[in-house]
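So you can see what is in the structure, the chains are spelled out below.
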Amino acid sequence: MRRLLSLWIILSSIGFAPAQDDLKFVAVDLQPHATQKRNEGLGSGIAGNDLASVPAGGETFGGIVFNIEDGIVHLGSTIVDRHPEKVEGISVGSKCLKVHILHATCFGGGPNKPGNQLHVADGTVIGQYKIHYSDGTGEDISIVYGEDVRDWFYVDDEAKTTRGKIVWNGENGRAVEVGAKIRLYMMTWENPHPEKVIASIDYVGKKSETPAAPFCMAITLER
């Protein structure tokens, strides 16, 4: 699959891309809505606390091809004021069977334990992906801490998610300093209306309610 997406990228650059309808995996373009670069500090913005070590381009995570680009969509929280609570109108314009999302959140766990202001309890809804169909109807996909994602920082023996899949592990300079590692999760949503065109997606956080500051790396449609 990685070779297929890489070939599509090459052919696109020279004007000979296959028709989009022929592709099983189609990347949603997040770049017009990116709120920061992945090589910039996430969360509190500390230098070296970034996602630069995540492989760029067409990469396979959890068996799904994602297109990793420079920009990511990082939402704000009670701790992270510089980012918005929501990003609306991410263009899709396609039917699909499933939506695969590569994402995580800053704060909530890792070195942060219960009683700490940066801790988030399991079961807390920290955001949503709002699906808008072209006929005006929609669906909401909740992001639940402990089920779909946990803190991208993690320490040994920390609990895993009960629904989302951990699909990438790595390090950055800040994680090494505090004795932690970093990770990304994949959420897969089965579209209950595959016959409908998804016009757009809104990415909505809980900026005034929780320290969790979600971020989205990539979205792929499976058709």
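Being a predicted model, the structure only gives us computed values, none of them experimental. (Residues numbered from 1 in each chain as written. Predicted model: local features only at pLDDT ≥ 70, side-chain atom pairs only at ≥ 80, totals over all residues. Heavy atoms only, no water.)

Draft legend 1. The overall build of the protein, seen in detail. Broken down by element type, the protein carries two helices and 14 strands. In terms of overall dimensions, the protein is globule-like: its C-alpha atoms have a radius of gyration of 17 Å, near the 17 Å expected for 223 residues. The C-alpha extent of the protein, read off along each of the three principal axes, is 50 × 35 × 30 Å. For the protein, the residues scored as buried account for 49% of the 223 residues in total. Within the protein, counting contacts between residues at least 6 apart in sequence, those at least 24 apart form 75% of the total. A gap of 3 Å separates the mean positions of the 22 positive and 28 negative side-chain charges of the protein. (Helix = DSSP H or I, 4+ residues; strand = E, 2+ residues; numbered from the N terminus. Rg over C-alpha atoms; globule rule 2.2 N^0.38 Å. Buried < 20%, exposed > 50% of the residue type's maximum accessible area, 1.4 Å probe, protein only. Contact = heavy atoms within 4.5 Å. Lys, Arg positive; Asp, Glu negative; His and termini not counted. Charge placed at Lys NZ, Arg CZ, Asp CG, Glu CD.)

Draft legend 2. Quick peek at the sheet that holds strand 8 (residues 125–133). One open sheet accounts for four strands, arranged 6-13-8-9; its pairing is antiparallel. Since the sheet does not close on itself, it has two edges, and those belong to strand 6 (86–94) and strand 9 (138–144), each with one partner. For this sheet the average axis-to-axis angle between neighbouring strands, irrespective of direction, equals 20°. Inspection of the sheet shows strand 6 paired to strand 13 (residues 198–205) by five bridges, in the antiparallel sense. (Pairing = 2+ DSSP bridges. Axes fitted to C-alpha atoms, helices over the stretch in contact; angles between N-to-C directions.)

Draft legend 3. Summary view of the packing of aromatic side chains. Scanning the model with the defined rule gives four aromatic pairs in all. Taking the centre distance of 5.3 Å and the plane angle of 55° together, the rings of Trp152 and Phe153 count as tilted. Judged on exposure class, the residue Trp152 and its partner Phe153 are both buried. Counting every residue linked through ring pairs, the aromatic cluster contains Trp152, Phe153 and Phe215. In this structure, Lys196 packs its charged tip against the face of Tyr133, placed 5.3 Å from the ring centre. (Phe/Tyr/Trp six-rings, centres within 6.5 Å; stacked < 30°, edge-to-face > 60°. Lys NZ or Arg CZ within 6 Å of the ring centre and 35° of its normal.)

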